[in-house]
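Residues per chain are reported as follows:
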Amino acid sequence: MLNKKIAMIGMGKMGGMLASSLLKKGVVNSDQLCGTTRQEASAIKSQNEYGIRVMTDNVKAAEESDVIILAVKPQSMALVLEYLKPVIRKDHLVISLAAATETKFIEDHLPEGIPVIRSMPNLPCLIGQGMTVLCPGKHVEKEHIDLATSIFTAVGRVDVIDRDDLMDAVTAVSGSGPAYGYIIIESLAEGGVKVGLPRSLATTLAAQTILGAAAMVLETGQHPAQLKDMVTTPAGTTVDGIMALEEGGVRVALIKAVESATLKGKELSGESQSK
Ligand SMILES: NC(=O)c1ccc[n+]([C@@H]2O[C@H](COP(=O)([O-])OP(=O)(O)OC[C@H]3O[C@@H](n4cnc5c(N)ncnc54)[C@H](OP(=O)(O)O)[C@@H]3O)[C@@H](O)[C@H]2O)c1
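The rules behind these values
- Residues numbered from 1 in each chain as written.
- Predicted model: local features only at pLDDT ≥ 70, side-chain atom pairs only at ≥ 80, totals over all residues.
- Helix = DSSP H or I, 4+ residues; strand = E, 2+ residues; numbered from the N terminus.
- Buried ≥ 20, exposed ≤ 12 C-beta atoms within 10 Å, placed from the backbone.
- Contact = placed C-beta atoms within 7 Å.
- Near = placed C-beta within 6 Å.
- Pairing = 2+ DSSP bridges.
- Right-handed = clockwise from strand over helix to strand, strands pointing away.
- Expected span 1.5 Å × (residues − 1).
- Arc of directions from axis to C-beta.
- Domains from an automatic or database assignment.
- Nonpolar A, V, L, I, M, F, W, Y, C, P; charged D, E, K, R; others polar.
- Axes fitted to C-alpha atoms, helices over the stretch in contact; angles between N-to-C directions.
- Core = buried A, V, L, I, M, F, W, Y, C linked by C-beta atoms within 7 Å.

Turning to the overall build of the protein chain, a few remarks are in order. On a plain count of helices and strands, the protein chain comes out with 12 helices and 8 strands. Along the longest, intermediate and shortest principal axes, the C-alpha atoms of the protein chain span 70 × 35 × 30 Å. For the protein chain, the residues scored as buried account for 36% of the 275 residues in total. Of the contacts formed within the protein chain by residues at least 6 apart in sequence, a portion of 64% connects residues at least 24 apart.

Structural data, given as structure tokens:
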């Protein structure tokens, strides 16, 4: 269990998910975690749902905590930081979950010398199978990275990247990626239905197959192309399936999806940071 108090600023989908996982995994107990929302009604609802103290006073939550997790929408960030600024101390660790919000933007809205880590978790964090990438700001030490890693390990795999300019690319691959994965699973299942499988079986087959394929990439460390070759028997069935995928341009479509989402992230960063 961590020996720290955490304030979750924003108890929406991501803040609530992270709070509930931290409690479930025993990373902190309910006295070490508090949350905030904008509206009183949401605070009462979250308090009942998660069994922690949830308030609408960000300043009080921050003052009482060691780690401040910013889980509000990017467009609310500047206002939230403005109110927090007077109470943020150098012994605080500030972690942002916000997409399209540069670490420097957060640092510039806080007193000089505050350790800030930008993070990008994704939806499967909800079930402990997430992917989170951490990007340290200029005042972050190893102990801060270790602390943030302990927090996000509760909800899945964690990696660290030292380049804030690559966080929009990270967002495009692992932040948005679950949506692409769901489309692939949905389409594979639709294919199964087309050739006569019951829909529920087709969906289970598709989902478990993508899960297993992904786990093999991570566990064996082999290149996906090598693993694909293991399934592709000469003159067998898979190679015909692959030909249809190539004709449909699936590779280019996925590459373009990541490229477009990255560009959109940069565009949104530019917009929110000019405010
Ligand atoms: N959803 C994803 O898959 C995902 C993945 C990675 C990162 N993120 C990032 O996570 C952040 C949160 O996203 P979300 O999807 O969880 O949003 P969300 O469900 O809309 O939740 C936002 C939360 O922030 C609260 N809030 C708004 N203004 C506030 C203020 N001034 N002070 C305190 N709390 C305030 C809201 O309270 P009320 O309910 O009272 O308005 C709500 O609890 C975003 O920056 C997003 O980029 C999301």
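Alright, that's what it looks like, and here's the rest.
What surrounds the ligand is a group of 28 residues, the closest being Gly10, Gly12, Ser42, Ala98 and Ala99. Mapped by element, the contributors of at least two residues to the shell around the ligand are helix 1 (13–24) and helix 4 (74–84). With 4 residues, helix 4 is the largest single contributor of residues to the shell around the ligand.

A few words now on unusual backbone geometry. Despite not being glycine, Ala100 shows a phi value in the positive range, around 50 degrees. Position of Ala100 among the secondary structure elements: in the loop between strand 5 (93–96) and helix 5 (103–108). For Ala100, a count of 22 C-beta atoms within 10 Å corresponds to the buried category. The phi dihedral of Ala235 falls on the positive side, at around 55 degrees, and the residue is not glycine.

Of the strand pairs in this sheet, strand 7 (residues 130–136) and strand 8 (residues 156–160) are connected by 5 bridges, and their pairing is parallel. Within strand 8, the position partnered with Gly130 by the bridge is Gly156. The parallel pair strand 7 and strand 8, bridged by helix 6 (residues 142–153), forms a crossover whose chirality is right-handed.

Further remarks concern helix 6. Counted at 1.5 Å a residue, the expected span for helix 6 with its 12 residues is 16 Å, and the 16 Å between its end C-alpha atoms agrees. Listing the buried residues of helix 6 in full gives His144, Leu147, Ala148, Ile151 and Phe152. Taken end-on, helix 6 shows its buried residues confined to a sector of 125 degrees, consistent with a single buried face. Of the exposed residues in helix 6, those oriented more than 90 degrees away from the buried face are Lys142, Glu143 and Asp146. Considering only its buried residues, helix 6 is in contact with helix 1, strand 4 (67–70), strand 5, strand 6 (116–120), strand 7 and strand 8.

A separate point is the domain arrangement of the protein chain. Domain boundaries assigned for the protein chain yield domain 1 (6–170) and domain 2 (175–268). With 10 residues of domain 1 at the interface, the matching set in domain 2 holds 7 residues. No other element matches helix 7 (residues 167–175), which puts 3 residues into the side of domain 1 that touches domain 2. By residue class, the composition of the side of domain 1 that touches domain 2 is 8 nonpolar, 1 polar and 1 charged.

Further remarks concern the sheet that holds strand 3 (residues 53–55). The mixed open sheet is built from 8 strands, whose spatial order is 3-2-1-4-5-6-7-8. Among the strands making up the open sheet, the edge pair consists of strand 3 and strand 8. The mean inter-strand angle of the sheet, taken between neighbouring strand axes irrespective of direction, is 20 degrees. In this sheet, strand 2 (residues 33–36) lies alongside strand 1 (residues 6–9) in parallel orientation, the contact comprising 4 bridges. Within strand 2, the residue paired with Ile9 across the bridge is Thr36. Of the strands in this sheet, strand 4, strand 5, strand 6, strand 7 and strand 8 are in contact with helix 6, which crosses strand 7 at around 165 degrees.

Here we take up the pairing of strand 4. Of the two faces of strand 4, the one carrying Val67 and Ile69 and the one carrying Ile68 and Leu70 are both buried. Relative to strand 5, strand 4 runs parallel, the two being bridged by 4 bridges. Its bridge partner being in strand 5, Ile69 is matched across the sheet by Ile95. Remark: the strand 4/helix 4/strand 5 crossover connection has right-handed handedness.

On to the nonpolar core, then. Membership of the largest hydrophobic core comes to 57 residues, with the highest contact counts inside it found for Met8, Ile9, Ile69 and Leu70. Excluding residues that lie within four positions of it along the chain, Ile69 makes contacts with Ile6, Ala7, Met8, Ile9, Leu18, Ile95 and Leu97.

It is worth spelling out the environment of Lys25 at this point. Tracing the chain through its elements places Lys25 in the loop between helix 1 and strand 2. Note on Lys25: 14 C-beta atoms within 10 Å, which makes it partly exposed. Sequence-wise, Lys25 and Ile255 are 230 residues apart; in three dimensions their C-alpha atoms are separated by 36 Å.

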